[in-house]
Amino acid sequence: MKTKISLEEAQTMLKSCFKPTGTERVSIFNAHQRVLAQDILAPIDQPPFDRSPVDGYAMKASDSTEAGKEHPVKLQLIEEVCAGQFPEKEVAEKTACRIMTGAPIPRGADCVIRQEETSENNGYVEIHMQLLAGENYCYQGEDIKKGEHILKKDDILNYAGIGILASMGITEVLVYKIPKVAVLSTGDELTPIDEKLQPGKIYNSNLFTIGMRLKEFGMEPVIVGNVADHIEESCLIIKEELAKADILITIGGVSVGKKDLVKEIMKEVGADILFWKVNMKPGTPVLASSWKGKPILSLSGNPAAASISLELLVRDFLAYYAHRHDLELEKSEAILENSFAKESKRRRILRGRVVKRGKDEFIELVDKHSPGVLSSLYRCNCLVDVPAGTPALDKGQSVTVYKLQTTGS
Ligand code: AMP
Ligand code: MG
């Protein structure tokens, strides 16, 4: 078991110890916001035939060279074709075919005149303007060519992606499975939210914070509930839940207190402990283990510490595990709006809100930074990474930030 490792070492270790999620075929109805596990090549042209983008008359442009408002050209109507029908006749010189939007353009025609630029009479149409070949003419494959690489492996399928699949007649696609992430809190003090608080007890907020954030990451959280600080009871629940889930997140009990039993529990369960404690504050007490090839990530019970470990460690792992590359956090620089009085002997993670003004980004730090504070997470949309050995921070100083928004698609 490694201990007191850097965040980056912990991230690398997790990714090297576990295989990412597998794949499954799903109907395109269920593929929305899922990660594609295959490249998609267009099986057909889109549109599949030359078609009219307007209601009008399909004709030869060469027939319109003399046409004008004052001296219309008369063409004989040979056929009428609506969307969904297919024209039988070929358009020859001095003839035209009445055509509706979306209908196939008949052979022989090279343009379509809008109905508004014509008048129809006794089997003839009068053309009031000149047209060029290709005018109001939608070519087969002009949107998507057969064989074109339309969607790529690892793309997150948004509404337009699903629409493109539908336009090609593709009913199913191969996507990566959504990981089932079981969330179990531990602690004698934790009270279900629908019960009256007794002295010394608190409500179980982490179960919700962590569960909902996992949902925002596109995972399938399984909210297990709470277990008391008790080794045998915990072992039973952990084995039961991990048999069903892909990943287990436990909350609480990973520090050094008398009731911090999670390390013992992991040993008792038969899990291999990979590391304990990461060099950052908050979020130092975090334990990672492996049970039958499945990851168990044990976070501190302190609400902000749990959330920060979730953003910086678990999220990075899930990006890899679930092929959700959009979850990878990027470092950027921003300017501090307010100061932070304490020096940072150890690597410190501060919560903040990034606001854009002009082309610069500014960070308003939250006012309460202790690991037990939950309220400051609500408006927090970024974390500031303060390296060990940094003196107090001044307003106007540039800092390294991780923006926390999830893009999805
Ligand atoms: P622990 O990590 O178990 O030592 O807990 C650290 C602090 O977080 C203690 O004040 C706990 O009462 C609190 N805490 C632990 N688990 C939760 C939870 N699920 N929801 C809210 N607070 C918690
Ligand atoms: Mg505890």
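Residues numbered from 1 in each chain as written. Chains lettered and ligands numbered in written order. Predicted model: local features only at pLDDT ≥ 70, side-chain atom pairs only at ≥ 80, totals over all residues. Heavy atoms only, no water.

1. Considering the packing of aromatic side chains
Consideration 1: For the coordinates displayed, the defined rule picks out four aromatic pairs.
Consideration 2: Aromatic pair Phe317 and Tyr321: ring centres 5.5 Å apart, planes at 40°, arrangement tilted. Of this pair, Phe317 and Tyr321 both sit in helix α6 (residues 303-321), separated by four residues, roughly a single helical turn. In this structure, Phe317 and Tyr321 share a single accessibility class: buried.
Consideration 3: Ring-pair connections join several aromatic residues into one group, and the members of that group are Phe18, Phe317, Tyr320 and Tyr321.
Consideration 4: The ring of Trp276 carries the charged tip of Lys263 above its face, separated from the ring centre by 4.0 Å. (Phe/Tyr/Trp six-rings, centres within 6.5 Å; stacked < 30°, edge-to-face > 60°. Helix = DSSP H or I, 4+ residues; strand = E, 2+ residues; numbered from the N terminus. Buried < 20%, exposed > 50% of the residue type's maximum accessible area, 1.4 Å probe, protein only. Lys NZ or Arg CZ within 6 Å of the ring centre and 35° of its normal.)

2. Digging into a positive patch on the surface
Consideration 1: Together, Lys4, Lys281, Lys342, Lys345 and Arg346 make up a positively charged patch on the protein surface.
Consideration 2: Structurally, Arg346 is set in the loop between β20 (331-336) and β21 (348-357). (Patch = residues over 30% accessible without salt bridge, like charges linked within 9 Å, V, L, I, M, F, W, Y side chains within 5 Å. Areas by Shrake-Rupley, 256 points an atom, 1.4 Å probe, with all protein chains shown as cover. Salt bridge = Lys/Arg side-chain N within 4 Å of Asp/Glu carboxyl O. Lys, Arg positive; Asp, Glu negative; His and termini not counted. Charge placed at Lys NZ, Arg CZ, Asp CG, Glu CD.)

3. A look at the pairing of strand β4 (residues 56-59)
Consideration 1: With three bridges connecting them, β4 and strand β6 (residues 95-99) associate as antiparallel partners. Residue pairing for β6: Tyr57 is matched across the bridge by Arg98.
Consideration 2: Pairing of β4 with strand β7 (residues 111-114) involves four bridges; the strand directions are antiparallel. Residue pairing across strands places Ala58 opposite Val112, the latter belonging to β7. (Pairing = 2+ DSSP bridges.)

4. Side note on unusual backbone geometry
Consideration 1: Each neighbour pair has its own omega, and for Gln46 with Pro47 the value is -5°, a cis peptide bond.
Consideration 2: As for its position among the elements, Pro47 is in the loop between β3 (40-41) and β4.
Consideration 3: The omega angle of the peptide bond from Lys281 to Pro282 is 0°, so this bond is cis rather than trans.
Consideration 4: Topologically, Pro282 is positioned in the loop between β17 (272-278) and β18 (287-291).

5. Looking at the site of ligand 1
Consideration 1: Residues in close proximity to ligand 1 total 14 residues, the closest being Glu189, Asn204, Asn206, Gly253 and Gly301.
Consideration 2: Separating an oxygen atom of ligand 1 from a side-chain N or O atom of Glu189 is a distance of 2.5 Å.
Consideration 3: Look at ligand 1: alone it shows 480 Å² of surface, and the protein chains cover 78% of it.
Consideration 4: Structurally, ligand 1 is housed in the second largest pocket.
Consideration 5: Class assignment of the residues belonging to the shell around ligand 1 gives a composition of three nonpolar, nine polar and two charged. (Near = heavy atom within 4 Å. Polar contact = N/O pair within 3.5 Å; in protein donor to acceptor, adjacent residues only side chain to side chain. 1 Å grid on protein atoms, 1.4 Å probe; cavity = no way out; pocket = protein on both sides within 12 Å on 5 of 7 lines; lining within 4 Å. Sits in = over half its atoms within 2 Å of the grid points. Nonpolar A, V, L, I, M, F, W, Y, C, P; charged D, E, K, R; others polar.)

6. Description of the layout of surface pockets
Consideration 1: Considering only enclosed or pocket space, the largest pocket measures out at about 440 Å³ in volume.
Consideration 2: What lines the largest pocket is a set of 17 residues, and nearest its centre among them are Arg213, Glu216, Leu377, Tyr378 and Cys380.
Consideration 3: Within the residue set of the lining of the largest pocket, elements represented by two or more residues are α3 (206-216) and α6.
Consideration 4: By volume, the second largest pocket amounts to about 300 Å³.
Consideration 5: Glu189, Leu190, Ile202, Gly301 and Asn302 are, among the 19 residues lining the second largest pocket, the residues nearest its centre.
Consideration 6: Those elements that place two or more of their residues in the lining of the second largest pocket are β12 (180-186) and β14 (202-203).
Consideration 7: For the lining of the second largest pocket, the class distribution of residues is five nonpolar, 10 polar and four charged. (Points joined across faces, edges and corners; volume = space filled by probe spheres on them.)

7. Thoughts on the environment of Gly108
Consideration 1: Of note, Gly108 is situated in the loop between β6 and β7.
Consideration 2: Here Gly108 falls in the partly exposed class, since its relative accessible area comes to 26%.
Consideration 3: Along the sequence, Gly108 and Met168 sit 60 residues apart, while their C-alpha atoms lie 27 Å from each other.

8. Side note on the sheet that holds strand β19 (residues 294-299)
Think of a sheet as strands paired side by side through backbone hydrogen bonds, with each pair either parallel or antiparallel.
Consideration 1: Taking strand neighbours across the sheet as the criterion, the seven strands line up as β1-β17-β18-β19-β16-β12-β15 in an open arrangement whose pairing is mixed. Where the open sheet ends on each side, the last strands, each with one partner, are β1 (2-5) and β15 (220-227). Across the sheet, the axes of successive neighbouring strands diverge by a mean angle of 20°, strand direction being ignored.
Consideration 2: Of the pairings in the sheet, the one linking β12 to strand β16 (residues 247-251) comprises five bridges and is parallel in character. Paired with Val183 across the two strands is Ile249, which belongs to β16.
Consideration 3: Its contacts with the sheet place helix α5 (residues 262-269) against β12, β16, β17, β18 and β19, and it is angled at close to 10° to β18. (Axes fitted to C-alpha atoms, helices over the stretch in contact; angles between N-to-C directions. Contact = heavy atoms within 4.5 Å.)

9. Describing helix α4 (residues 231-244)
Consideration 1: Taking 1.5 Å as the rise per residue, α4 with 14 residues should run 20 Å; its terminal C-alpha atoms sit 20 Å apart, in good agreement.
Consideration 2: For α4, the full list of buried residues reads Ser234, Cys235, Ile238, Glu241 and Leu242. Along α4, the residues classed as buried sweep out an arc of 145° about the axis, all on the same side. Those residues of α4 that are exposed and angled more than 90 degrees off the buried face are Glu232, Leu236, Ala243 and Lys244.
Consideration 3: Residues of α4 that are buried in the fold lie against β12, β15, β16, α5, β18 and β19. (Expected span 1.5 Å × (residues − 1). Arc of directions from axis to C-beta.)

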